Amino acid sequence: MPSTSPARTAGRIVLGTFLLFAGTSHLTFAREEFAAQVPPWFPADTDLVVLASGAVELALGGALVAAPRRHRATVGWVVAAFFVAIFPGNISQLVTRTDAFGLDSDRARAVRLLFQPVLVLWALWSTGAWRAWRTRRLSDARPPA
């Protein structure tokens, strides 16, 4: 079962709140900014991708904030996978030199890429997902008594 230390709980709620805000902004005032992160080669309508990813962020943010303890590790893995899945959009923004969210230089866009792994680790740590996986792996590796 995932750890629920005060620091992890705060980290999980802050990340969930961040995703709720991002999801809301996808659907409202920042649609154009988020459209800049959809790679031109992606085979779907850009606005649809922005709206769908916003809906996913709302669901994930809500799950981080409100999921019962027994589901938090799973939520952590799903949120981490989401952050990995959207990473090509961040790379595309750098490669295509697309300005958005104040990222108006190659350097700023490159530095932004460094934060994606931080988000993945934050999701795994704050939900106890990584710890739960390690604990399960260790218990599976022990020979039966």
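Because the structure is predicted, anything quoted here is derived from the model rather than measured. (Residues numbered from 1 in each chain as written. Predicted model: local features only at pLDDT ≥ 70, side-chain atom pairs only at ≥ 80, totals over all residues. Heavy atoms only, no water.)

Colleague: How should I be thinking about the packing of aromatic side chains in this particular structure?
Modeller: Any aromatic ring pair is given by two values, namely how distant the centres are and how the planes are angled relative to each other. Counting across every chain of the model gives six aromatic pairs. Their ring planes at 45° and their centres at 6.1 Å tell us that Trp-77 and Trp-130 sit as a pair that is tilted. Taken together, the residues Trp-77 in helix 4 (residues 72–85) and Trp-130 in helix 7 (residues 129–141) connect sequence positions 53 residues apart. Judged by its relative accessible area of 38%, Trp-130 falls in the partly exposed class. Taken together, the ring pairs connect Trp-77, Trp-130 and Trp-133 into an aromatic cluster. (Phe/Tyr/Trp six-rings, centres within 6.5 Å; stacked < 30°, edge-to-face > 60°. Helix = DSSP H or I, 4+ residues; strand = E, 2+ residues; numbered from the N terminus. Buried < 20%, exposed > 50% of the residue type's maximum accessible area, 1.4 Å probe, protein only.)

Colleague: Got a minute to help me understand unusual backbone geometry in this structure?
Modeller: Most peptide bonds are trans, and most residues other than glycine sit at a negative phi. Notably, Arg-97 is not glycine yet its phi reads approximately 55°, a positive angle. The topology assignment puts Arg-97 in the loop between helix 5 (87–95) and helix 6 (106–126). Phi at Phe-101 takes a positive value of approximately 55°, unusual for a residue other than glycine. Tracing the backbone shows Phe-101 in the loop between helix 5 and helix 6.

Colleague: I keep staring at the pattern of salt bridges and nothing clicks. Help me out?
Modeller: Between side chains of opposite charge, a pair can form as their charged atoms come close. Going through the model one piece at a time under the given rule, you end up with four salt bridges. Between Arg-97 and Asp-106 there is a salt bridge, with the nearest N and O atoms lying 2.5 Å from each other. Judged by relative accessible area, Arg-97 falls into the exposed class, the value being 56%. Using a relative accessible area of 29% as the deciding quantity, one classes Asp-106 as partly exposed. (Salt bridge = Lys/Arg side-chain N within 4 Å of Asp/Glu carboxyl O.)

Colleague: Would you mind showing me how to read the packing of helix 5 against helix 6 here?
Modeller: Helix packing geometry: the angle between the two helix axes and the distance between the axes. Between helix 5 and helix 6, the shortest axis-to-axis distance is 9 Å and the interhelical angle comes to 165°. Between helix 5 and helix 6, the angle is such that the two are roughly antiparallel. The handedness of the crossing between helix 5 and helix 6 comes out as left-handed. Taken together, the residues of helix 6 that come into contact with helix 5 (itself represented by Phe-87, Asn-90, Ile-91, Gln-93 and Leu-94) are Asp-106, Arg-109, Ala-110, Arg-112, Leu-113 and Gln-116. Here the residues of the contact of helix 5 with helix 6 are counted per class, giving five nonpolar, three polar and three charged. (Axes fitted to C-alpha atoms, helices over the stretch in contact; angles between N-to-C directions. Parallel < 35°, antiparallel > 145°, perpendicular 65-115°, else oblique. Left-handed = near helix turned anticlockwise from the far one by under 90°. Contact = heavy atoms within 4.5 Å. Nonpolar A, V, L, I, M, F, W, Y, C, P; charged D, E, K, R; others polar.)

Colleague: Quick question: what am I supposed to make of the nonpolar core here?
Modeller: The nonpolar side chains of a soluble globular protein tend to be buried, and buried together. Within the largest apolar cluster, 17 residues are counted, with the highest numbers of intra-cluster contacts made by Leu-15, Leu-19, Leu-64, Val-79, Phe-83 and Ala-123. Secondary-structure elements contributing two or more residues to this core are helix 1 (6–27), helix 3 (46–66), helix 4, helix 6 and helix 7. Element by element, the count of residues in this core is highest for helix 4, at six residues. Discounting chain neighbours no more than four positions away, the residues touching Leu-19 are Glu-57, Leu-58, Leu-60, Gly-61, Leu-64, Val-79 and Phe-83. Formed by five residues, the second largest nonpolar core is a distinct cluster that contains Ala-30, Phe-34, Val-38 and Val-49. (Core = buried A, V, L, I, M, F, W, Y, C linked by side-chain atoms within 4.5 Å.)

Colleague: Would you mind showing me how to read the layout of surface pockets here?
Modeller: If you roll a probe as big as a water molecule over the atoms, it shows you where there is empty space left. In this structure, the largest pocket spans a volume of roughly 720 Å³. Lining the largest pocket we find 31 residues, and of these His-26, Phe-34, Gln-37, Glu-57 and Ile-86 sit closest to its centre. For the lining of the largest pocket, the secondary structure elements donating two or more residues are helix 1, helix 3, helix 4, helix 5 and helix 6. Sort the elements by how many residues they give to the lining of the largest pocket and helix 1 lands first, with six residues. Within the lining of the largest pocket, the residues separate by chemical class into 23 nonpolar, six polar and two charged. (1 Å grid on protein atoms, 1.4 Å probe; cavity = no way out; pocket = protein on both sides within 12 Å on 5 of 7 lines; lining within 4 Å. Points joined across faces, edges and corners; volume = space filled by probe spheres on them.)

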